[in-house]
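Coordinate analysis (summary)
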Amino acid sequence: MNEITKQIEARFLELGVKVETGEIDTMLDQLINKFKVPAEEARRNVTNHFLKKHNIPKTEFFTPRAAPQVKAADIKEDGKWITLRCKVVQLWETNHESLSQNGLLGDESGTIAFKKWTKANLPQVEEGKNYIFKNVATSLWQGRFSVSLNKTSEIIPITEDIKVGKTLVEFHGAIVDIQSGSGLIKRCPECNRALIKGACGEHGKVDGIYDLRVKAVMDDGEKVQDILMNREVTEAFTGITLDKAKEMATEALDQAVVLDVIKSRLVGRYYVVTGAKLDRFILVDTIKQDVKPIEEDIKRILAATAVEA
Ligand SMILES: [Zn+2]
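As the structure is a computational prediction, the values presented were derived from the model and not from experiment.

Describing the coordination of the zinc ion
Here the zinc ion is held by the protein donor atoms C188 (SG), C191 (SG), C200 (SG) and H203 (ND1), which lie 2.1 to 2.3 Å from it. For the zinc ion, the donor residues sit on a single chain with the sequence spacing C-x2-C-x8-C-x2-H. Each of the two residues, C191 as well as C200, counts as buried.

Next up, the structure:
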């Protein structure tokens, strides 16, 4: 049997596919001996033929066995196979069934968004836990890098607690919207995802755990910025504790009452927020009323009355 045949057979076996060696031999023999195709080109032709036949994406076949380990902030190229040592900083809701999990990973250098495809059949990761993500592919979409976890990727839990480097930012602007999924919400006890109509996208109908959060949109007149307040920040800022929110919901027989109250208090007012920039969100550490626009309003009103007088 031809050496190239052996190599092709071995590589396909690693992907769990048994390719008929006789078929490989025959094809190679034809290409090399009959059509005088160079050996390496013949290898590529035959490989591609079987990839197509068995419906295997090329990227999967040509993955290097051990992709180099890099830092999250150093990802600057599209379509590279890399290995990351990261903490799962945040899991986001997935509303697409092809996507099993997505969210944010972080290491000492910073953070990077990730997508884990359902087809990859990989174990679930948990927020706050640390892992080695082996053989993940970098991708660039709308100017932002992310990594995707697919069939050839591996997730190895580690006990080490990775300190995630943050880039702190400040944003001044008006809160222009409070998004649905804010206020009193319920989370899945298994995976911490926010429930939609009492059900988790992954675990179905579950007995949810109450939580409080605010997802808001700010606008500084030039650009909009999504902000996210966790329970602690929401409680301190709105003065509505989780217990109070539950009371309000019980009295009104409607969980949405909490969202309505938060909306009426925050929308249209100016704030300064500081926090870590994570993908499109600022995870709010501090939020306070921005007095500058008010001072400017007062000055303008005073100036106008001075002219009239
Ligand atoms: Zn769940």
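Now, onward.
A look at the packing of aromatic side chains
Tallying each qualifying case throughout the model produces three aromatic pairs. Pairing F237 with Y271 gives two aromatic rings, centres 5.3 Å apart and planes at 80 degrees, and the pair type is edge-to-face. Of this pair, F237 sits in helix 5 (residues 231–238) while Y271 sits in strand 13 (residues 270–278), placing them 34 residues apart in sequence. Overall, the relative accessible area of 22% leaves F237 in the partly exposed class. Judged by its relative accessible area of 4%, Y271 is buried.

Focus on the layout of surface pockets
Where empty space is left can be seen by rolling a probe of water-molecule size over the atoms. Roughly 1,300 Å³ of volume is contained in the largest pocket. What lines the largest pocket is a set of 45 residues, and nearest its centre among them are Q90, L91, W92, L228 and F281. Taken together, the residues of the lining of the largest pocket sort by class into 21 nonpolar, ten polar and 14 charged. Composition of the lining of the largest pocket by domain shows at least three residues from each of domain 2 (72–158) and domain 3 (168–295). Considered as a void within the structure, the second largest pocket measures approximately 320 Å³ in volume. Of all the secondary structure elements, the ones that give two or more residues to the lining of the second largest pocket are strand 3 (110–117), strand 5 (144–149) and strand 13. A per-element tally of the lining of the second largest pocket places strand 3 first, with four residues.

Quick word on helix 1 (residues 3–14)
With twelve residues, helix 1 should reach 16 Å at 1.5 Å per residue; the first-to-last C-alpha distance of 17 Å fits that figure. If you follow the buried residues of helix 1, they end up packed against helix 2 (21–34), helix 3 (39–53) and helix 4 (58–61). Immediately downstream of helix 1, the backbone of G16 shows phi near 80 degrees, a positive value.

How each quantity is defined
In every chain, residue numbers begin from 1 and rise along the written sequence. The predicted origin of the model limits local features to residues at a pLDDT of at least 70 and limits the giving and counting of side-chain atom pairs to 80 or more, whereas totals for whole chains, interfaces and linings rest on all residues. Calculated side-chain values reflect all of the structure's heavy atoms, with hydrogen atoms and water omitted. Distances define the donors: N, O and S atoms within 2.8 Å of the metal qualify, as do those within 3.2 Å of Na, K or Ca. Water is excluded, so some sites may look unfinished. Think of it in three bands: with a 1.4 Å probe and only protein chains considered, a residue is buried below 20% of the maximum accessible area for its type, exposed above 50%, and partly exposed in between. The rule is short: rings of Phe, Tyr and Trp, with Trp giving its six-membered ring, pair when the centres are within 6.5 Å, and they are stacked under 30 degrees, edge-to-face over 60, tilted in between. Labels follow the DSSP assignment, with helices taken as runs of H or I lasting at least four residues and strands as runs of E lasting at least two, numbered in each case from the N terminus. Points on a 1 Å grid, built from protein atoms alone, make a cavity when a 1.4 Å probe fits but cannot get out and make a pocket when they are open with protein on both sides within 12 Å along at least 5 of 7 lines; residues with an atom within 4 Å of a point are the lining residues. Grid points are joined across faces, edges and corners, and a volume is the space filled by probe spheres set on the points. In the scheme used here, Gly and all other residues not listed as nonpolar or charged are polar, with Ala, Val, Leu, Ile, Met, Phe, Trp, Tyr, Cys and Pro taken as nonpolar and Asp, Glu, Lys and Arg as charged. By convention here, the domain bounds are inherited from an automatic or database domain assignment. Under the convention used throughout, the expected extent of a helix is 1.5 Å for every residue step, that is, one less than its residue count. In this analysis, two residues are considered to be in contact whenever any of their non-hydrogen atoms come within 4.5 Å of each other.

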